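A look at the structure
Single-letter residue listing:
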Amino acid sequence: MRASVTYFTVVLRRLIAPCLCCGLCLVLSAQAEQPAVGPNGIIVQSQFGGQIFGFDIDQAGTEGLLAEAHRQDDGSTLAAVETFDQRTGAILKVVRQTITKDDDFLALGVTGNSVGLIEREHVKGFLNVERTFLTINPLRRNRFTGRWTPPVGTDHLVELVSRNQGTQNAVWTLDLSSNFMPTVFSTDVGANTFGPVISINDQDFSNSPDPGFAYDPVRNRAILGHAFLGNPFIAGWIATVDLASGTFTKFRSVGIGDVNGLAYDPVTDTACATTEIDFSVAFYNIATQSGFSQPLPGATQQFFSGAAVEFDPVNRLFLVAQEHSSTSSSGSSIHVYDTAGNLIESLNGFSFSNAFNVVPAHIAIKPANRTGFVDGPDEGVTQLQGFSY
């Protein structure tokens, strides 16, 4: 904030001096309250010391959600679902705990309006896994309240759930029964309602690993970023899927290599994606099917490629995770961009290596107070690290 004063007379200066002093005090007070950017000292430790299998935080509340698994000496697995306090990192409640040889939990995220979504996997035999989905609605209740029953068979694997909150979500599944055909649909997890199930028949997306994935709640469509199955040294594709009509459109990307992360701003119709080979971040105008790409700050080789991307809809910012920092001599970084592709700041001091992650590292944020969590710093993937931006 800037104050501009024209000094007409000594009298006028005397009249406005107290006001200026008060204004300066308010500015200094606001600056003092603004947390420093980067790691903020808050660490979430899984209750039983197990590896974290997915996490998220409630953007409209004060809690977070995680699942963990810890192998026991007798070969069984302690699996648990837990909630934690965003302000302190303390575990609030063990929502469910099992010690078996055939059960696991996966935290798919906080969806819609403060609804926690958990996948339970029960192994019944070789290649025979029963998958059910439990909800905590709202998350602050700290207990399972219902089930989510996606409109696909039990032979479909729920691979991706969009990370947007306060609205419906998009879901990407894979048919494991025969042809491994992916499908996509919209859902209100809390209400257990669904849009039509749409098969993705385009060979550039049906014959490749999971794409970069985001949801456009304004136009009810999924935004996809191509992940390569064949030649990784060429430009891939960006695509949209209308989740009501099934209309599929695609255009060439400007990044080279696998899409490691993707997020979307529905107001400016801008997608942000990271690509592997060219260690870059790209920004696309979906309406005009055009975009531009730039290396991550200080990046000079593929070693410095970016990972997950998260969008802040309040401050209109994209947060880009970078496993191997190119702006610090060690560790990981998060780079913050505006929707025009301008670098706002680089946050250093993290450690979120994907080396041992079953679930890829990602960023969860609370836009209202510009805070968030990311995997790490423990190499065993038993912790989450808080930060401010």
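Here the structure is a predicted model, which means the values were calculated and not measured.

Conventions we followed
Residues numbered from 1 in each chain as written. Predicted model: local features only at pLDDT ≥ 70, side-chain atom pairs only at ≥ 80, totals over all residues. Heavy atoms only, no water. Helix = DSSP H or I, 4+ residues; strand = E, 2+ residues; numbered from the N terminus. Buried < 20%, exposed > 50% of the residue type's maximum accessible area, 1.4 Å probe, protein only. pLDDT = per-residue confidence, 0-100. Contact = heavy atoms within 4.5 Å. Phe/Tyr/Trp six-rings, centres within 6.5 Å; stacked < 30°, edge-to-face > 60°. Lys NZ or Arg CZ within 6 Å of the ring centre and 35° of its normal.

This paragraph deals with the environment of Leu66. Structurally, Leu66 can be placed in strand β3 (residues 63–71). Overall, Leu66 belongs to the buried group, its relative accessible area being 0%. C-alpha separation for the pair Leu66 and Gly54, spaced twelve residues apart in sequence, amounts to 5.8 Å.

Right, let's talk about the confidence of the model for the protein for a bit. Looking at the protein, the pLDDT average stands at 90 and 91% of residues meet or exceed 70. For residues 1–33, every residue scores under 50 in pLDDT, and the model assigns this stretch six contacts once sequence neighbours within four places are set aside.

Here the amide bond leading from Asn137 into Pro138 is cis, since omega sits at -5°, within 30 degrees of zero. Here Gly376 and Pro377 are connected by a cis peptide whose omega angle stands at 5°. Along the chain, Pro377 falls in the loop between β28 (371–375) and β29 (383–388). The backbone of Asn192 sits at a positive phi, close to 55°, despite the residue not being glycine. Phi angles above zero are rare outside glycine, and Arg316 is one such case at about 55°. With respect to the secondary-structure elements, Arg316 resides in the loop between β23 (309–312) and β24 (317–322). On the accessibility criterion, Arg316 (25% relative accessible area) is partly exposed.

Our next topic: the packing of aromatic side chains. Both the distance between ring centres and the angle between the ring planes are used here to describe each pair of aromatic rings. All told, the structure shown has 16 aromatic pairs when counted by the stated rule. Each ring, one from Phe350 and one from Phe387, has its centre 5.7 Å from the other, and the planes form 90°; the classification is edge-to-face. On the criterion of sequence distance, the pair formed by Phe350 in strand β26 (residues 343–350) and Phe387 in strand β29 is long-range, its members being 37 residues apart. A residue is classified by how much of its surface remains accessible, and Phe387, at 0% relative accessible area, is buried. The structure contains a cluster of three or more aromatic residues connected by ring pairs, namely Phe283, Phe292, Phe311, Phe318 and Tyr337. Positioned above the aromatic ring of Trp237 is the side chain of Lys250, whose terminal nitrogen or guanidinium carbon lies 4.3 Å from the ring centre.

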